[in-house]
Amino acid sequence: MAEPVTAQARLDRIVVLIASNMVAEVCSLYVARADGPLELYATEGLNREAVHLTTMMPGEGLVGLIAATAEPLALSDAQNHPAFSYKPETGEEIYQSFLGVPVLRGGATLGVLVVQNRARRTYSEEEIEALQTTAMLLAEMIVSGELQSITGQGAPIAVRRPESLIGQPIAEGLGLGHVVLHQPRVAVAKIVADDISMELDRLEKAIEAMRASVDALIDRSDDGRSGEHREVLEAFRMIAHDRGWLRRLREAVASGLTAEAAVERVQNDARARLQRQTDPYLRDRLHDLTDIANRLLHQLAGQSLVLLPSELPENAILVARSMSPAALLDYDRARLRGVVLEEAGASSHVAIVARALAIPAVSDVPNITEIVEQGDAIIVDGVTGEVQVRPQPDIEAAYSEKARLRARRQDQYRALRDAPSATADGVTIGLHMNAGLLIDMPHLDETGAESIGLFRTELQFMLANSFPRIDAQESIYRAVLDAAGGHVVTFRTLDIGGDKMLPYMKRLDEANPALGWRAIRMGLDRPGLLRTQLRAMLRAAAGRELKVMIPMVSTVAEFLAARALFDKEIAFVKRCGREPPRDIKLGAMVEVPSLLWEIEEIAEAADFLSVGSNDLMQYVFAADRVNKRVAGRFDELSPSFLRALKSIADAGARHRTPVTLCGEMGGRPLSAMALIALGFRNLSMAATAIGPVKAMVVSLDAGAAALELQALLTDPDRHGSLRAPLQALAERLAVRL
Ligand code: PEP
Ligand code: MG
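Residues numbered from 1 in each chain as written. Chains lettered and ligands numbered in written order. Predicted model: local features only at pLDDT ≥ 70, side-chain atom pairs only at ≥ 80, totals over all residues. Heavy atoms only, no water.

## With respect to the overall build of the protein chain
Inference 1: Each helix and strand in the protein chain was counted, giving 26 helices and 22 strands.
Inference 2: Each principal axis of the C-alpha atoms in the protein chain carries an extent, and together these give about 95 × 60 × 50 Å.
Inference 3: Expressed as a percentage of the 737 residues in the protein chain, the buried residues total 53%.
Inference 4: In the protein chain, the share of contacts with a sequence separation of at least 24, taken over all contacts with a separation of at least 6, comes to 67%.
Inference 5: When the accessible surface of the protein chain is summed, it comes to about 31700 Å², and 52% of that surface belongs to carbon and sulfur atoms.
Inference 6: When the 81 basic and 97 acidic side-chain charges of the protein chain are each reduced to a single mean position, those positions are 5 Å apart. (Helix = DSSP H or I, 4+ residues; strand = E, 2+ residues; numbered from the N terminus. Buried < 20%, exposed > 50% of the residue type's maximum accessible area, 1.4 Å probe, protein only. Contact = heavy atoms within 4.5 Å. Areas by Shrake-Rupley, 256 points an atom, 1.4 Å probe, with all protein chains shown as cover. Lys, Arg positive; Asp, Glu negative; His and termini not counted. Charge placed at Lys NZ, Arg CZ, Asp CG, Glu CD.)

See the structure below:
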């Protein structure tokens, strides 16, 4: 029986073979270790004793230079190169010529492969190509984990090392599971072609099919049925026809690679080059190029681009460059534990869906699709934005403990579900839920929320492929009311424009979209749109209670104009002999500061008010809510903002007009405490916030908090955010935060 071949023996044989094929005296393989240095793993020609002993840091010597630049280096006089560094144990000073190539995989440098000749010699382009192809083979060996058994100084090799990454949390929660690549890479099984002309033929056919699929995508977006952005698709089309790229692919096949290996090779080179780019435009192009190469590989392998939802394993954590909300909805929720994205995409609709499904999600994790392999262990923390790839056992244990704690806390919140929502001193606080999709509705019952305090109707429009007609709208609203099972639903009319665009609507070129044509401004200028929506709501709520609110109201006159349209629709419904809703209320959102100086009038004109603190913050502080540079600059617990909010609560009380606050701040326990102290008695928030806020409410002495906050707000010597004193107050009053 033949002896089993060890990984070391295999490597030793490979370097001998390469040296002989390249007619070189030396061939050495250096492998990048997880702790940084490149370690000599095998050599033919250099001193064998140096194997697993000699190391180079990236940037050190010629080998380190190749690792750092990810580019081949061919020298006929290596010793005079400024980067040359002498390692006596290898005995290499007698070699004049040097050719080294990076061992690349997915843009990462896994090692360096080197050949050396004693005599001066110029390596040809073909020789460089040939060595790169061999490096690809070695990359597969490294990635497969085969070399782990021969790690020299105990340090694991770099490719499977744990990675601790950080991104933007977009949907809270904690998920532990295994990577499922949303659009999996195709594993290139065969590298060297048997028949070059056949491979060229396969490549040409795949390019044709890939181009046709891109054209089809663009055609679909032309009918307005696709959510993909046209500009992105046009960039795709440009790459799919890029002559330089296609030439490099054909050349790679002509050099002896299979079509798949050629795509991978050309892609590796481009990635290594573009990854060092800091220019965002060029980095975006890299994304496009990766997508196109991926499409081509799927064509060649005859595989579908997307994993079938039924193929999803248990505890799946989806990893994708970006993802449409529809794609996320296609997966089986019961098996999903998290989502990690390189980018969340325009206005982050996928985040909205992830939140509605209660799936922890993190976006803006650079390069994540390259870093992970299918099936890797991964942890997603949707609160801190941390992503742990291939975590060490102690890290995994710490997160498991965190998950258990979370689950215990959720149990405690669940236990509070049926307790009356009242403060310790007996003030009733209405806790309501924000929603926007039918999939949100089950949370109403789970959380014990009193009603849907904000139903963002635009989400349904954003997910649709075209503008929903009246019948479709009516059936959605009816389904929402049915799902609410007798609880009130406050529907907000379309709030589009600004950061919320509909994929099938013409993009407006506005210099300041947040200050532009949006929400009720659009509704009043295009009354057909608004009236259709109001009519659909009136029909859906036949015989039931209907609450509607108008977003982005800037003047009372605007609200009255909206009310006039609504009244016409009510009259129309009655004229048609349809059953009207049992009770109808029309409210105004207070989220544009001008209303603060018309607050008495709006409190009189509207049946109820709802404070949109997200927008009110951005307009009060002139700080764009989606601009990361400024969004976190101002505190919602600043005296100015708290005074503005108080004026709304006070006006509501004076006019006996109910006031709710439905921005994110109502869902943050400390802020919710401040709001109650200011006089707010109804807060509407994300489903996940209801438990923590209720725990705060039942432990709060609202009267004491009101007095203390009043003192803080009237103290002439106090400047800056009240966060710290409010925190201290909460501790003093033993409020559960
Ligand atoms: C708000 O502005 O606070 C709000 C609730 O609405 P949106 O976040 O949808 O603009
Ligand atoms: Mg708003």
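## Regarding the nonpolar core
Side chains that are nonpolar tend, in soluble globular proteins, to be buried together.
Inference 1: Among the nonpolar cores identified, the biggest contains 128 residues, and Leu328, Leu609, Leu645, Ile648, Phe680, Leu709 and Leu726 are the most heavily contacted of them.
Inference 2: Among all residues touching Leu709, those that are not within four sequence positions of it are Leu642, Ala674, Ala677, Leu678, Leu722 and Leu726.
Inference 3: Judged by nonpolar contacts, the second largest core, of 30 residues, contains Ala24, Leu113, Ile128 and Ala139. (Core = buried A, V, L, I, M, F, W, Y, C linked by side-chain atoms within 4.5 Å.)

## A look at the environment of Glu208
Inference 1: Following the sequence through the fold, Glu208 ends up in helix 4 (residues 196–222).
Inference 2: For Glu208 and Ala240, which are 32 residues apart along the polypeptide, the C-alpha to C-alpha distance reads 9.3 Å.

## Notes on the pattern of salt bridges
Inference 1: Evaluation of the coordinates by the stated rule reveals 42 salt bridges.
Inference 2: Here Asp332 makes a salt bridge to Arg335, at a shortest N to O gap of 3.3 Å.
Inference 3: Where salt bridges share partners, they join Glu458, Arg492, Asp495 and Arg518 into one cluster. (Salt bridge = Lys/Arg side-chain N within 4 Å of Asp/Glu carboxyl O.)

## As for the coordination of the magnesium ion (ligand 2)
Inference 1: Only Glu591 (OE) and Asp615 (OD) from the protein coordinate the magnesium ion (ligand 2), and they sit 2.0 to 2.2 Å from it. A residue pair is termed long-range when its members are at least 10 positions apart, and Glu591 in the loop between strand 19 (583–590) and helix 19 (599–605) and Asp615 in helix 20 (residues 613–620) qualify at 24 residues.
Inference 2: The exposure class of Glu591 is buried, given its relative accessible area of 2%.
Inference 3: What makes Asp615 buried here is its relative accessible area of 2%. (Donors = N, O, S within 2.8 Å, 3.2 Å for Na, K, Ca; no water.)

## Notes on helix 2 (residues 61–69)
Inference 1: Within helix 2, burial applies to Gly61, Leu62, Val63, Gly64, Ile66 and Ala67.
Inference 2: Buried residues along helix 2 sit in contact with strand 1 (26–32), strand 2 (38–44), strand 3 (55–56), strand 4 (73–75), strand 5 (97–105) and strand 6 (108–117).
Inference 3: With its phi angle positive at about 60°, Ala70 sits one or two positions after the end of helix 2.

## A word on the confidence of the model for the protein chain
Inference 1: In this model, the protein chain carries an average pLDDT of 88, and 91% of its residues clear a pLDDT of 70 or more.
Inference 2: In the model, residues 223–229 has pLDDT below 50 throughout and makes 14 contacts with residues more than four positions away in sequence or in other chains. (pLDDT = per-residue confidence, 0-100.)

## With respect to the pairing of strand 5
Inference 1: Along strand 5, 9 of the 9 residues are buried, which leaves the element largely enclosed by surrounding structure.
Inference 2: As paired strands, strand 4 and strand 5 are joined by 3 bridges and run antiparallel to one another. Considered in strand 5, the bridge of Ala74 is made with Leu99.
Inference 3: Two strands pair when backbone bridges link them, and strand 5 and strand 6 are joined in this way by 9 bridges, in the antiparallel orientation. Across the sheet, residue Leu104 finds its bridge partner in strand 6, namely Thr109. (Pairing = 2+ DSSP bridges.)

## Focus: the site of ligand 1
Inference 1: Around ligand 1 sit 14 residues in total, of which Arg456, Arg492, Lys500, Asn614 and Arg625 are the nearest.
Inference 2: Between Glu591 and ligand 1, the recorded distance is 3.0 Å, taken from a side-chain N or O atom to an oxygen atom.
Inference 3: Relative to its free-state accessible area of 280 Å², ligand 1 is covered by the protein chains to the extent of 99%.
Inference 4: Counting only elements with at least two residues in the shell around ligand 1, the list comes to strand 16 (452–456) and helix 20.
Inference 5: With 3 residues, helix 20 is the largest single contributor of residues to the shell around ligand 1. (Near = heavy atom within 4 Å. Polar contact = N/O pair within 3.5 Å; in protein donor to acceptor, adjacent residues only side chain to side chain.)

## Section: the packing of helix 25 (residues 702–714) against helix 26 (residues 723–732)
Inference 1: Interhelical geometry of helix 25 versus helix 26 gives an angle of 155° and a closest axis separation of 11 Å. Taken as axis vectors, helix 25 and helix 26 run roughly antiparallel relative to one another. For the crossing formed where helix 25 meets helix 26, the hand is right-handed. Side by side, helix 25 and helix 26 meet where Ala705, Glu708, Leu709 and Leu712 of the first sit next to Pro725, Leu726, Leu729 and Arg732 of the second.
Inference 2: Residues of the contact of helix 25 with helix 26, tallied by class, amount to 6 nonpolar, no polar and 2 charged. (Axes fitted to C-alpha atoms, helices over the stretch in contact; angles between N-to-C directions. Parallel < 35°, antiparallel > 145°, perpendicular 65-115°, else oblique. Left-handed = near helix turned anticlockwise from the far one by under 90°. Nonpolar A, V, L, I, M, F, W, Y, C, P; charged D, E, K, R; others polar.)

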